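Residues per chain are reported as follows:
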Amino acid sequence: MVAVAETRERLVEPSFRNALPHFLPITVFPLILAAAANGGWWIAAPFIFFMIVGPLDNALGKDDRNMNPKTTEGKLLWYNLPVWLWALLWPLTLVFAIWQIFISGQLVWWESTLIALILAIEGQAVFIVGHELIHRRSAWERYVGEFLLASGSYPHYATEHFYIHHAHVGTPVDIGSAPKGQGFWQYFPRELASNITGAWRVVRDRLGRRKLPIWHYSNPFWRYGIETADWYVFIYVAGNWWAVLIYMFLCLGNVFSMKVSNYLQHYGLRRIRLPNGRYEKVLPRHSWSANYRFSKWMFFNMQRHPDHHVTAWRHYPLLQHYGEDDSPQLPGSYMTMFNLTLRPKRWFETMDPLVDQWRARFYPEIKDWSAYDSRVSEARPEAFDAIVEIFGTAPRLARLVERNPELLDMLQDREFTDLEIPGGFGPDIEFETIARRGLVRVYWTHEFGASEMKEQLAQIPVHDAYDAAEIVRNWSNDKVFQIGIHTMRANLTPIEAGIALAHVAEASVATVLQAVVEDAVDRLHQPEGGAVAAVVKGDFASREIAPRSPLEILFVYDGKPVAEMKDLCRRFNEALRLLILDNLLFEPFYRSRKKHVVYALDEFAEHCRKAGSGGDILELTRARCIFTTGDPGIESRFQAVRNDLLARGVARDELIAELGKSGENETAASMEGTLERGIRDVEHAARLLQLRCIPDSSDLPGFGDAVTVFREAQGKKAIPDSVADQLAAGSLMWRNLRGILRLILDDGIAAETASDTVRATLAECCGLPDYDTLASTVRDTAAATASGLHSVASREE
């Protein structure tokens, strides 16, 4: 490396003199022993020793000299001796101090407390020396390292650190490599839990590959358990349960210190994913480095962490220092950074800009690191490629995945993988793309419709309506996520996705309502002669639904007894509230523009005939029945009432007059504003034509969607071909754009400020080559649809 080459002329030669400073950590043991033996002012000496590290770091400065990494182990005796001595003296000192505290009776309570605190501080070095030894090639040194770690109640660290942390450092698999934005207090409990579970998983898998049972004697957890138990038995014998509790607290403090070091050594640094699916090899750039002279002596070169990960077997005196050209440098010593770590706000203010500089320096080609920083990458590391794709392309889907990582499992479902066929099956990429899109479109818009979905849901056992609402919601979320990913990958257009989502919505709502009916039959017995119809309105009815759509349902009932009909509708509403709770498809109930209203059929007809009911008439232009219970004839009776209301009446006439007011001169600053204006103009034009020319919905096979209305009106010669083409094209454009915007953009994020990748996805899903073309097309389409509305409004009825 460059830094190593630059310091070649200042190599440190292995010698007793050069090794002598590394004996400094040993000098604290006589001080601790004297303090434990005598108490009093002797206790101050270890504290003074601990306090000099920070000031001496600042006073002695940095040392970037290296020893020749090819130095043979035979020349390192004087460097190994302080490590071995520390490993010998710590257990002896710990036993003696505990004896003095709990058995000898020579120390008063405050002396015992301070001695215990001294042990806690010095015990933090258990992980420094233990870590050094578990990396040694000789078995006896590794076992000594395990024994030291057991004195801190953490011997499983020997397995987890070597087989997980070193193998996966800087990747989402390694919980110990904290992503940018994760504070230490979030990191600590997760790292603590993952260490023990990860170590056990490694041991279990290694034994499994050897066809050995988990209780086989070679399982290192036997040693870990015995070594740790030995310490606790001694502590219990020395001081009973109070001593055990105090000892556990001291061990927790030691582990806490080790986790702080681990946190700051890798914070925010990531190994990038290569095109072949593997992560790049570990380089010095993947660990933070510090090079303070005194800390280097006291902590056995622990701060030269980058080289430790590059060559894990290398003894501490051979660890190389890398300059800022090869490795990021911590802005302070370990003592300084330790204090900063515990204050997340100050930590982020200090470190996040340095992480950003590191990214810009070493990986300038990567513009979006959100997938690398997300906790979902830790939860589902095996799905990292999909996570990168989602985070880079669809911020809204990314937020959903962060809240619900289990959604990623749907990408492994046969229903998804059988459609998302891998490359290589066709003569070229274009052929494969067309085939894949065709397969997805046929399945989701034709083969797997609402009736097939209802059959699938009917096979899932449920206890009652409330249980059904939860189960159906989870099922719905899975399907919506799959459709969303297909749309993001351009396998489905947003309009085609709207059809598939409408099928999901219909199957979900109908299944929950049927569960309510079954509950009512079991508990109350459904009255004979009564009937209820659930009528959906708006985009749901015309099968143009997009994520975050309001669930607008009208319940109409007919027959008697009326009280029980109303009670059933009330239960419908309660179940639907549960269905749309955390539902990816529907807008939350409390944000819905309309409540789920309930009417008797004749009351509904009378209500809509009154002046001022134009809004209800407008909703009926796109309305269809998706569920009935009781007399099935209620659907045809509702349809007859609907057609009559659309064909005549004062409310209809008022609505026509209102729709004829064109907003041609309005302008919008954003793409979203232009979109809403465009959809409004298209819908006004379609509803005007529908009310004037084709009020009977039986003439509209598309359930009243705007394109169908325009083509029907064109066929009836109600509008010129040019106007019909203009409005139909506008409707398709707006539906595609709204569908993809709602799918991939979070609330409050404008298309103009989205990333280049997101904007490219918007353009591709709208069938355009780039975002600039999309923006231009949006402006032109807005003008065309406004003009089309004006043309329709100006024609006589």
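Above this text is the structure in question.
Now for a quick tour of the structure. Please read these numbers as outputs of a predicted model, since none were measured by experiment.

The next thing to look at is the overall build of the chain. A tally of helices and strands in the chain yields 36 helices and 4 strands. Against the globule reference of 28 Å for 797 residues, the chain gives a C-alpha radius of gyration of 36 Å, more extended than a compact globule. Taking all contacts inside the chain whose residues are at least 6 apart in sequence as the whole, residues at least 24 apart take part in 74%. With the model as given, the accessible surface of the chain reaches about 34,700 Å², and the carbon-plus-sulfur share is 57%.

The strands that make up a sheet pair up through hydrogen bonds in the backbone, lying either parallel or antiparallel. Pairing is mixed across the open sheet formed by 4 strands, whose spatial order is 3-2-1-4. For this open sheet the edge positions go to strand 3 (597–600) and strand 4 (623–630), each flanked by a neighbour on one side alone. The mean angle between the axes of side-by-side strands here comes to 25°, regardless of whether they run parallel or antiparallel. For strand 1 (residues 531–537) and strand 4, the ladder comprises 7 bridges, and the chain directions are antiparallel. Across the sheet, the residue bridging to Ala531 is Gly630, located in strand 4.

Here we come to the pairing of strand 1. With 7 of its 7 residues buried, strand 1 lies for the most part within the structure. Summarising the sheet, strand 1 and strand 2 (residues 553–558) pair through 6 bridges and their orientation is antiparallel. Bridging from a neighbouring strand, Val532 pairs with Tyr557 of strand 2.

What follows is about the packing of aromatic side chains. Each aromatic ring pair is described using two quantities: the centre-to-centre distance and the angle formed by the ring planes. Inspection of the entire model under this criterion finds 44 aromatic pairs. Summarising the aromatic geometry, the rings of Phe16 and Trp78 are spaced 4.8 Å apart at their centres and angled 70° between planes, so their arrangement reads as edge-to-face. One end of the pair, Phe16, is in helix 2 (residues 16–19); the other, Trp78, is in helix 6 (residues 77–104), and 62 residues separate them in sequence. The class for Phe16 is partly exposed, based on a relative accessible area of 40%.

Here His305 lies in helix 14 (residues 305–310). By relative accessible area, His305 is classed as buried at 5%. Residues in contact with His305, not counting those within four places in the same chain, are His165, Gln265, His266, Ser287, Trp288 and Tyr334.

Turning our attention to unusual backbone geometry. Phi angles above zero are rare outside glycine, and Asn240 is one such case at about 65°. Position of Asn240 among the secondary structure elements: in helix 12 (residues 220–266). Here the phi dihedral of Lys717 falls at roughly 60°; this positive angle occurs in a residue that is not glycine. By the secondary structure assignment, Lys717 is in the loop between helix 33 (706–715) and helix 34 (721–744). With relative accessibility at 66%, the residue Lys717 sits in the exposed group.

Turning our eyes to something else, we now look at helix 19 (residues 384–393). Across the 10 residues that make up helix 19, a large majority, 7, are buried. Looking at helix 19, one finds that the buried residues are Phe384, Ala386, Ile387, Ile390, Phe391, Gly392 and Thr393. Those residues of helix 19 hidden inside the fold are in contact with helix 17 (370–373), helix 18 (376–379), helix 20 (395–403), helix 24 (465–488), helix 34 and helix 35 (756–765).

Most often, soluble globular proteins have nonpolar side chains that are buried together. With 140 residues, the main nonpolar core has Trp444, Phe481, Val509, Leu737 and Leu774 as its most contacted residues. Aside from chain neighbours lying at most four places away, what touches Leu737 is Met671, Leu675, Cys766, Leu774 and Val778. Ala125, Met258, Tyr267 and Met302 belong to the second-largest nonpolar core, a separate cluster that totals 93 residues.

Before going further, it helps to examine a nonpolar patch on the surface. Taken together, the side chains of Val233, Tyr236, Val237 and Trp241 define a hydrophobic patch exposed on the protein surface, amounting to about 460 Å² of accessible area. Topologically, Val233 is positioned in helix 12.

Glancing now at the packing of helix 24 against helix 27 (residues 562–579). Relative placement of two packed helices is described by the angle separating their axes and the distance separating the axes. Axis separation between helix 24 and helix 27 bottoms out at 8 Å; the angle between their running directions is 35°. Considering how the two elements wind past one another, helix 24 and helix 27 form a crossing that is right-handed. For the pair helix 24 and helix 27, contact is made by Tyr466, Ala469, Val472 and Arg473 and by Glu574, Ala575, Leu578 and Leu579, respectively. Looking at the contact of helix 24 with helix 27 residue by residue, the class counts come to 6 nonpolar, no polar and 2 charged.

Thresholds, definitions, all that
Residues numbered from 1 in each chain as written. Predicted model: local features only at pLDDT ≥ 70, side-chain atom pairs only at ≥ 80, totals over all residues. Heavy atoms only, no water. Helix = DSSP H or I, 4+ residues; strand = E, 2+ residues; numbered from the N terminus. Rg over C-alpha atoms; globule rule 2.2 N^0.38 Å. Contact = heavy atoms within 4.5 Å. Areas by Shrake-Rupley, 256 points an atom, 1.4 Å probe, with all protein chains shown as cover. Pairing = 2+ DSSP bridges. Axes fitted to C-alpha atoms, helices over the stretch in contact; angles between N-to-C directions. Buried < 20%, exposed > 50% of the residue type's maximum accessible area, 1.4 Å probe, protein only. Phe/Tyr/Trp six-rings, centres within 6.5 Å; stacked < 30°, edge-to-face > 60°. Core = buried A, V, L, I, M, F, W, Y, C linked by side-chain atoms within 4.5 Å. Patch = residues over 30% accessible without salt bridge, like charges linked within 9 Å, V, L, I, M, F, W, Y side chains within 5 Å. Salt bridge = Lys/Arg side-chain N within 4 Å of Asp/Glu carboxyl O. Left-handed = near helix turned anticlockwise from the far one by under 90°. Nonpolar A, V, L, I, M, F, W, Y, C, P; charged D, E, K, R; others polar.

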